[in-house]
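Structure at a glance
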Amino acid sequence: MDLLRFITAGSVDDGKSTLIGRLLYDTDSIKVDQLATIQKQSKNKGEGEIDLALFTDGLRAEREQGITIDVAYKYFNTEKRKFIIADAPGHIQYTRNMVTGASNSDLIIILIDARLGVIEQTRRHSIIASLLQIPHVVVTINKMDMVDFSEEVYNNIVIEYSKIAKQLNIKDVTFIPISALLGDNIVNPSENTPWYKGETLLHLLENINLSHDLNYTEPRFPVQYVIRPQTDELHDYRGYAGKVISGTYKKGDLVTVLPDGIDSIVEAVEINGEEVDEVFAPQSAVIRLKDDIDINRGDIIVNKANLPNVSQDIETTLCWMDSRPMVTGNKYLLQVQSKRVRCIIKEINYKLDVNTLEKIENVDQVGLNDVVHVTLKTASPVVFDSYNSLRANGGAILIDETAHTTVAGCMLQ
């Protein structure tokens, strides 16, 4: 079975954790002992029914306050597909947590409270989804039970959000009216919305096509490990292990090893120690080349006819995740795939207002949760693609050299 990674996002009390709890509960993905514990905690809170949000709100502060603070990951599967869910916080001050959870998601579920409609956080999360190029957006209009399952309320929200999607160039948007608390249109179609003719949420998640999201035309293979057994049986064996993040590789392909720019030919491709005809994204594999080349972890093997960018001057949009501000001249480590290089903040070009998309220039420093466009200068050449054209090789992180903490998520240009 293939794997779908998705994230839920929305404002405070829109029902994100309850929605995930409902999915887990209705697909029988909760262990008996865990269910008993949650039932007990629900009773302790004086609530008549089981509190589904407790399945994902794992921190004590989250349970006491009834909010989500950190990204919670949950795993479940059905007969058709495996799932990894990221439950993102709704508060403005936790925007960085939302960016972290969304960075490798295939799909985002944006919840909208049917009583409130499209609000500031809806726009903020939609803008982040657009910046991160999340392929699929599902807008669930939640708490329909509190507006008497009104078709008019639903249609008005669809019209309003469609304008935002057009402005942000979000192409694949699906709207579903739901009640996460009661289970309407989550797993089974709801009798309360006879006017809704679309899919249930689970049916959409099980059947959405992910193969179109993979890039098979631009081969990229970052080397993670060099295999040299140096045994009598495999005396001259040299293999390069890693994950095919895009494209395909097969015997006879003309390739270039970057950043040094050395050309070679693929001698063989292997999976699980066996030679195969070809390997393709997102498989983990071993590539062997005909030439004896000094290749190290972090180097990338690409198709000779389709080269990525190789530069020491890099433009990037980033979300700042550190409490300490970023200023021009600060030094960090830039990690792209398995390659780390030292870099300096050469220039802060502008700050992006995540509510209006306005570009604010003449920015002196960058604070927590700010989204900015900067120019980096690296100590050695970096191999990358534009995030907008090849998401798999356009993402990066900035790391504090002394604290070894991630301070920013980057979308390279």
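The sections below set out a description of the structure shown in this document.

Cut-offs applied
- Residues numbered from 1 in each chain as written.
- Predicted model: local features only at pLDDT ≥ 70, side-chain atom pairs only at ≥ 80, totals over all residues.
- Heavy atoms only, no water.
- Helix = DSSP H or I, 4+ residues; strand = E, 2+ residues; numbered from the N terminus.
- Buried < 20%, exposed > 50% of the residue type's maximum accessible area, 1.4 Å probe, protein only.
- Contact = heavy atoms within 4.5 Å.
- Areas by Shrake-Rupley, 256 points an atom, 1.4 Å probe, with all protein chains shown as cover.
- Patch = residues over 30% accessible without salt bridge, like charges linked within 9 Å, V, L, I, M, F, W, Y side chains within 5 Å.
- Salt bridge = Lys/Arg side-chain N within 4 Å of Asp/Glu carboxyl O.
- Core = buried A, V, L, I, M, F, W, Y, C linked by side-chain atoms within 4.5 Å.
- Expected span 1.5 Å × (residues − 1).
- Polar contact = N/O pair within 3.5 Å; in protein donor to acceptor, adjacent residues only side chain to side chain.

Here we look at the overall build of the protein
- Scanning the protein from N- to C-terminus turns up seven helices and 24 strands.
- The 413 residues of the protein split such that 51% are buried.
- Sequence-distant contacts, at least 24 apart, represent 69% of the contacts inside the protein between residues at least 6 apart.
- Of the accessible surface of the protein, which amounts to about 19,600 Å², a share of 46% is contributed by carbon and sulfur atoms.

Topic: a nonpolar patch on the surface
- Taken together, L214, Y216 and F280 make up a surface patch of nonpolar side chains, about 230 Å² in accessible area.
- Mapped onto the fold, F280 is located in strand β13 (residues 278-280).
- Of the residues examined, F280 reaches a relative accessible area of 31% and is grouped as partly exposed.

Here we look at the nonpolar core
- Core analysis: the biggest nonpolar cluster contains 64 residues, and F6, L107, I108, Y161 and L205 have the highest contact counts within it.
- The residues touching L107, leaving out its near neighbours within four places in the chain, are L4, R5, F6, I7, I134, H136, V138, L204, L205 and I208.
- Listed in part, the 24 residues of the second largest apolar core include V382, A396, L398 and A408.

Regarding helix α5 (residues 120-131)
- For α5, spanning 12 residues, the distance from its first C-alpha to its last is 17 Å, which sits close to the expected 16 Å at 1.5 Å a residue.
- In terms of burial, α5 is largely enclosed, as nine of its 12 residues are buried.
- The set of residues buried in α5 consists of Q121, T122, R124, H125, S126, I127, I128, A129 and S130.
- Note on α5: the residue one or two positions beyond its end, Q133, has a positive phi of about 55 degrees.

With respect to the pattern of salt bridges
- Here the structure, examined in full by the defined rule, presents 18 salt bridges.
- Among the salt bridges present, the one from D113 reaches K143, with a minimum N-O distance of 3.7 Å. Taken together, the residues span a long stretch of sequence, with D113 in strand β4 (residues 107-113) and K143 in the loop between β5 (136-142) and α6 (151-167) at a distance of 30 residues.
- The shortest N-O distance in the salt bridge between K250 and D253 comes to 3.5 Å.
- Within this structure, E267, E270, E275 and R288 form a network of salt bridges that share partners.

Brief notes about the side chain of D400
- Within the fold, D400 resides in the loop between β23 (395-399) and β24 (406-412).
- Judged by relative accessible area, D400 falls into the buried class, the value being 9%.
- At 3.2 Å, the side chain of D400 and the side chain of R324 are in polar contact.
- The residues contacting D400, other than those within four sequence positions of it, are R324, Y332, T405 and V407.

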